[in-house]
Amino acid sequence: MRQALTLVNRLGGLWLLVGLAAVLVLPWYKLPPPDTGGGASLLGSALTEALAGRWWLLPPVLAMLAFAGLRLGRGERWPAHAAVPWLAGAAAILYLGQAFGIGLRGPAIDGIAQAMPAAALGQPGLGVGGFALGIALTGIIADSLAMRGFCRGERFAANAVIFVITLLTLFVFFPILRLGSAALFTPDGVFQPGLFVTRFTAPDLWGLDCLVGDRKCGVVINTLILGILSGLCSTALGLALALIVARTGFRFKGALRAISILPIITPPFVVGVAIIVLFGRTGVVTGWLDLLFDIPRTRWVYGLPGILLAQVLAFAPITFLVLLGTVEAINPTLEEASKTLGAKPFATFRTVTWPLLRPGLAAAFLLAFIESLADFGNPIVLGGGYDVLSIRIFFAVVGARYDLGNAAVLAIILLTLTLSAFWLQTRWLGKKSYVTVTGKSDAGLSAPLPDPLKAAVYLAVIPWILFTLGVYAIVVIGGFVTDVARFDLAPTLRHLSTAFAFEFGQFGLQLYGSAWDSLQTTVLVSAIAAPLTTAIGILTAYLIARQNFAGKGAFEFGTMLSFAIPGTVVGVSYVAAFNVPPVDITGTMAILVICFMFRNMPVGMRAGIAALSQIDRSMEEASQTMGANGFATLRTVVLPLIRPAIFTSMVYAFVTAMTAVSAVIFLVSARHNMATAYIMGRVENGEYPLAIAYSAVLMIIMIVCIAIIQLLVGRRQLGRRSEMHKPPAALPAE
Amino acid sequence: MTETAIEFVDVVKRYGSVTAVDRISFSIRRGELVTFLGPSGCGKTTSLRLIAGLELPSEGTVRIAGQDVSTRAAAERNVGMVFQSYALFPHMTVIDNVAYGPTIRGGDKKAAAERGMEILAMLGLEGLGKRLPSELSGGQQQRVAVARAIVQQPDVLLFDEPLSNVDAKLRRRVREEIRDLQRRFNLTAVYVTHDQEEALAVSDRIVVMNQGRIAQIGTPRELYNSPSSRFVADFIGDANLIEGQFEGTSFVAGDLALTLPGGPGNGPATISVRPEQIALAAAPQGSATVTNAIYLGSRYEYLVETAYGPLLVSAPITSAPLASGDRVDVEIRPDGFTLLES
């Protein structure tokens, strides 16, 4: 492999070869070409298409030939030539210009068609060749910058920076911009900027009627009410859990921590379904209450109460983890000091502990608030008539009244709300944290909770535990009994066989179940997405933690921003951006993988940054002075040392891809359906046992896969560790 | 092959608005050990990193072995570097560490390991190849770091404050090892330190840096005996700076008059006198007074109040001891002072 790499370098570098192949050999357009009305065959490369009349494809061809000429004249360091960045930049601009200027139905500006008649025929989306050229140009620009001293002359780092920026631009910012412009068009595609105002001020968005009368509020107000309530309740419950674990002698702390992991691997909808099964009009608990106490059966669970219940169940573990960190970081000596000064337990809690908790509480609240705004699975199952933004966006795109413009306006509102909360959160965390971490071991014991507070905390947590157990009991048994909703508990494999029937026949293994397709796609997409997500997340972490380059501040800000975009908004924006040329990839598996990559990379990135901050930089510098380029350094020095971060990122990326719904629901197609979309269909049809059975299967798969990833990624680390008498200080703490 | 191993021409390194290295030029001959000496933040480490390729210059040219490497990354240069923290890879054995360079450059793995074993043996580390760095003592770790840096026969070997992690007692031995090694392998070496004694002890030549500029370049003896500026005089060893006037071919300050070898000058001037270039003689009618007498075991140190200001004087332990309050005559040896650039 090393020889192959050396050979590629001799020939002028990978990018030159890719670029030449892109313009001379590979088919430029997406295959199979849609019929664009005769004219030239669209199976050709850029060169043949250009000669056949599509003259706008000529600049990339000429640029690549010029680079090849430079390689022959200048030797291996040809990108150092002064003309290369200009030439590559100009080629890139003309390449983007033609891609966006000439659409499926012809040019955006009429003048182009007069100059180049073939343009009137339009062109389909980019294919292998088109994308390869974009990659090659990006790489050549990065190489030429590196040879001018960008990233300290490190070619790998320069390429990584330029590629990550390009990818973030294409898959995060460009879709959002497309979405923004979609808000200005009518459903028929007519440009009408005034429409934005009409859509934005629609009365069903901002109405406040529910506060005064008994009519419904606007969807934005609904969303905000839900977000605030959900944030408050989740924070309160999270605090109660954190206080129990950190400040009481509660015996089942380990179990509590374990329970708190559950929601992460729980597929969406299933909690909502379980709540319906428990508390719906024909629900189990409702039935008992009717029987025992004559409490009439109602549909109270559909709407705000039900969504709130489900969200608090899902988000309390998140706020718990945030607040546990805060509670544990409070130096007990501060509370002891308060007591020696004569404060009673409750006064100490009120005047010392509580103010120290406040920043953590704010952070936890905002986190739950953001999650609530972005939540799609619970409102769609439990919403009833209670409309929130994510649901409204979904039905604007998927429903009968396809109206991308309207969806765009709603998505922009949702995005603005989320980004505002996100902005507040970073401000709070940045400035108001009094966390007292000193590195010294804290002498003294934490103050036990004052009695009334302890009672309140138990009062909050015990119902939550019972509720969680109830919900997961439904999940565990619901798929394997005849009808859990009617309390018919006769064991059966009927639901499982509907979904996953198979048979060893004369044609080998045959899969009959209706869920096999979606399960295969889901596992495949998740398995492809997990390493890619980890790769880009860790790479970005490496760039942010280790490289200094012009524009790094903006780069960091951009990656931060991409965290905050709700899944529904991502979904709609992908529909807006990738349904039409030049990047026409909807309906493919690639768009699912890409969507997961850019949505889940933040976790890998954060884990990577944390791990890298524990590692002495001079080890990488040592590697470089010994002749290892950036990639070799990453592979042989950095990655082995941050293996735990890689594991975290892989597991998270895999699990999230298995359970994601909000963005994916817009991107699935008949050919590539995902498990969550399939489950949603079953829930909508009221086939609860089937949905529950499928969810249980998914959870088992996830647990097994986590174990396997742990074995694959973790083993060598453990082996090395056991050989050591004492671990070197440079290894990150686990 | 050229005699010049490293050459800087008008090299500038800026970080945003901060100029870390401000237009410096120098050259280093093959087989020479040159030290960058200066207070923290003077640009010495940045200069070292510019040689290594871990930083690229904002302006100017860096040449190694006659080649312009100004835009070459570290991996494309042939340098060896010993880091302050040694930077041994904790997840690799000693031999893997030492063979890392040859292996990663595409060499044969077995040959690389054999070459590594040889170097380890030369440095007295035979038998430790299979251990992890964390199982070695600090001194052994440093020798592994050196072995790793020289295994590829680099154009230049760089040391970034190599003694800062070594016990004070061991420092003398380790720096002698380094010097011995550099001579034995005839290596061109660049050494960064903020410790002037260390610099005097190991260097062929010293580059004294201050605020991103070169204050003076010279052999240890030149720098000590004839510092060109107040900064250098003060930074290397102890110096008495006496301010006075030119009078014809003499330098005059208070009741002091010294004949200048360099010919007549004009206006105010400053000279630097080393404490051991001053002789004190007890004299009841002397013009100066001892204000403090310190016994240091190997010598005496006196603070003397004179008509031209306080003087620090170092006297051999064999001389007659003086006490605080004694009146003395002060004599500066005729070639024991330097006129500083104003």
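If you're wondering where the values come from, they're calculated on a predicted model, not measured in any experiment.

Reading guide: rules and limits
Residues numbered from 1 in each chain as written. Chains lettered and ligands numbered in written order. Predicted model: local features only at pLDDT ≥ 70, side-chain atom pairs only at ≥ 80, totals over all residues. Heavy atoms only, no water. Patch = residues over 30% accessible without salt bridge, like charges linked within 9 Å, V, L, I, M, F, W, Y side chains within 5 Å. Areas by Shrake-Rupley, 256 points an atom, 1.4 Å probe, with all protein chains shown as cover. Salt bridge = Lys/Arg side-chain N within 4 Å of Asp/Glu carboxyl O. Helix = DSSP H or I, 4+ residues; strand = E, 2+ residues; numbered from the N terminus. Buried < 20%, exposed > 50% of the residue type's maximum accessible area, 1.4 Å probe, protein only. Domains from an automatic or database assignment. Contact = heavy atoms within 4.5 Å. Buried area = accessible area lost by both parts, 1.4 Å probe. Pairing = 2+ DSSP bridges. Polar contact = N/O pair within 3.5 Å; in protein donor to acceptor, adjacent residues only side chain to side chain. Nonpolar A, V, L, I, M, F, W, Y, C, P; charged D, E, K, R; others polar. Axes fitted to C-alpha atoms, helices over the stretch in contact; angles between N-to-C directions. Parallel < 35°, antiparallel > 145°, perpendicular 65-115°, else oblique. Left-handed = near helix turned anticlockwise from the far one by under 90°. 1 Å grid on protein atoms, 1.4 Å probe; cavity = no way out; pocket = protein on both sides within 12 Å on 5 of 7 lines; lining within 4 Å. Points joined across faces, edges and corners; volume = space filled by probe spheres on them.

Q: When you look at a nonpolar patch on the surface in this model, what are you seeing that I'm missing?
A: All names here are of chain A. A cluster of nonpolar side chains, contributed by Trp288, Leu289, Leu291, Leu292, Phe293, Ile295, Val476, Ile477, Phe487 and Leu489, occupies part of the molecular surface with about 1000 Å² of accessible area. With five residues, the single largest contributor to the nonpolar patch is helix α15 (residues 284-293). Structurally, Ile295 can be placed in the loop between α15 and α16 (304-329). Using a relative accessible area of 39% as the deciding quantity, one classes Ile295 as partly exposed.

Q: Explanation requested: the domain arrangement of chain B in the structure shown.
A: Interfaces are frequently sized by the accessible area removed from exposure as the parts join. Residues and elements named next belong to chain B. Taken domain by domain, chain B comprises domain 1 (4-227) and domain 2 (240-339). Taking only C-alpha atoms, the centre of domain 1 and the centre of domain 2 are 40 Å apart. Domain 1 puts five residues into the contact, and the matching count from domain 2 is four residues. For domain 1, the biggest contributors to the area lost against domain 2 are Tyr224, Asn225 and Pro227; these three give 92% of the whole. Across the domain 1-domain 2 interface, the total number found is zero salt bridges.

Q: Help me out: how do you make sense of the sheet that holds strand β1 (residues 4-15) of chain B in this one?
A: Neighbouring strands of a sheet are bound in pairs by backbone hydrogen bonds; such pairs are parallel or else antiparallel. All names here are of chain B. With antiparallel pairing, four strands are arranged side by side in an open sheet as β2-β1-β4-β5. Strands at the two margins of the open sheet, each flanked by one partner only, are β2 (18-29) and β5 (67-68). Here eight bridges tie β1 to β2, and the two strands are oriented antiparallel to one another. Across the sheet, residue Lys13 finds its bridge partner in β2, namely Val21.

Q: For this particular structure, what's the right way to read the interface of chain B and chain A?
A: On the side of chain A, 34 residues touch chain B, which itself brings 34 residues to the contact. Of the roughly 2800 Å² buried at the junction of chain B and chain A (both faces included), carbon and sulfur atoms supply 60%. When residues of chain B are sorted by the area they lose upon contact with chain A, Pro90, His91 and Ile104 of chain B head the list and together hold 21% of the total. Our count for the chain B to chain A interface comes out at two salt bridges. Here Glu76 of chain B and Arg77 of chain A are joined by a salt bridge, their closest N and O atoms 3.1 Å apart. In this assembly, chain B and chain A are joined by 10 residue pairs in polar contact (both at pLDDT 80 or more). Put simply, the parts of the chain that give the side of chain B that touches chain A at least two residues each are α1 (44-52), β6 (79-82) and α3 (100-104) of chain B. Here the side of chain B that touches chain A gets four residues from one element, more than from any other, and that element is α3 of chain B. When the residues that make up the side of chain B that touches chain A are grouped by side-chain class, the tally is 17 nonpolar, 10 polar and seven charged.

Q: When you look at the packing of α16 of chain A against helix α18 (residues 345-374) of chain A in this model, what are you seeing that I'm missing?
A: Axes are the key here: two packed helices are described by the angle between their axes and the distance separating the axes. Residues and elements named next belong to chain A. Their axes nearest at 9 Å, the elements α16 and α18 cross at an angle of 155°. By the angle between their axes, α16 is roughly antiparallel relative to α18. Relative to α18, α16 is oriented so that their crossing is right-handed. Touching Gln311, Phe315, Ile318, Thr319, Val322, Leu323, Thr326 and Val327 of α16 are Leu356, Leu357, Gly360, Leu361, Ala364, Leu367, Ala368, Glu371 and Ser372, all from α18. Here the contact of α16 with α18 is composed, by residue class, of 11 nonpolar, five polar and one charged.

Q: Sorry if this is basic, but what is going on with the environment of Ile112 of chain A here?
A: Residues and elements named next belong to chain A. Following the sequence through the fold, Ile112 ends up in helix α6 (residues 110-115). Measuring from C-alpha to C-alpha, the distance between Ile112 and Ala460 comes to 68 Å, with 348 residues separating the pair along the chain. Excluding anything up to four places from it in sequence, Ile112 contacts Ile102, Pro107 and Ala119.

Q: What am I meant to see in empty space enclosed by the protein here?
A: Where empty space is left in the structure can be found by rolling a water-sized probe over the atoms. Residue and element names in this part refer to chain A. Inspection of every chain in the model, using the stated rule, returns five cavities of 30 Å³ or more. The space that makes up the largest cavity amounts to roughly 140 Å³. Along the wall of the largest cavity there are 14 residues; nearest its centre are Arg152, Arg546, Gln547, Glu621 and Gln624. When residues of the lining of the largest cavity are traced back to their parent elements, those giving at least two are α24 (516-546) and α28 (618-625). If one sorts the elements of the lining of the largest cavity by residue count, α28 sits on top with three residues.

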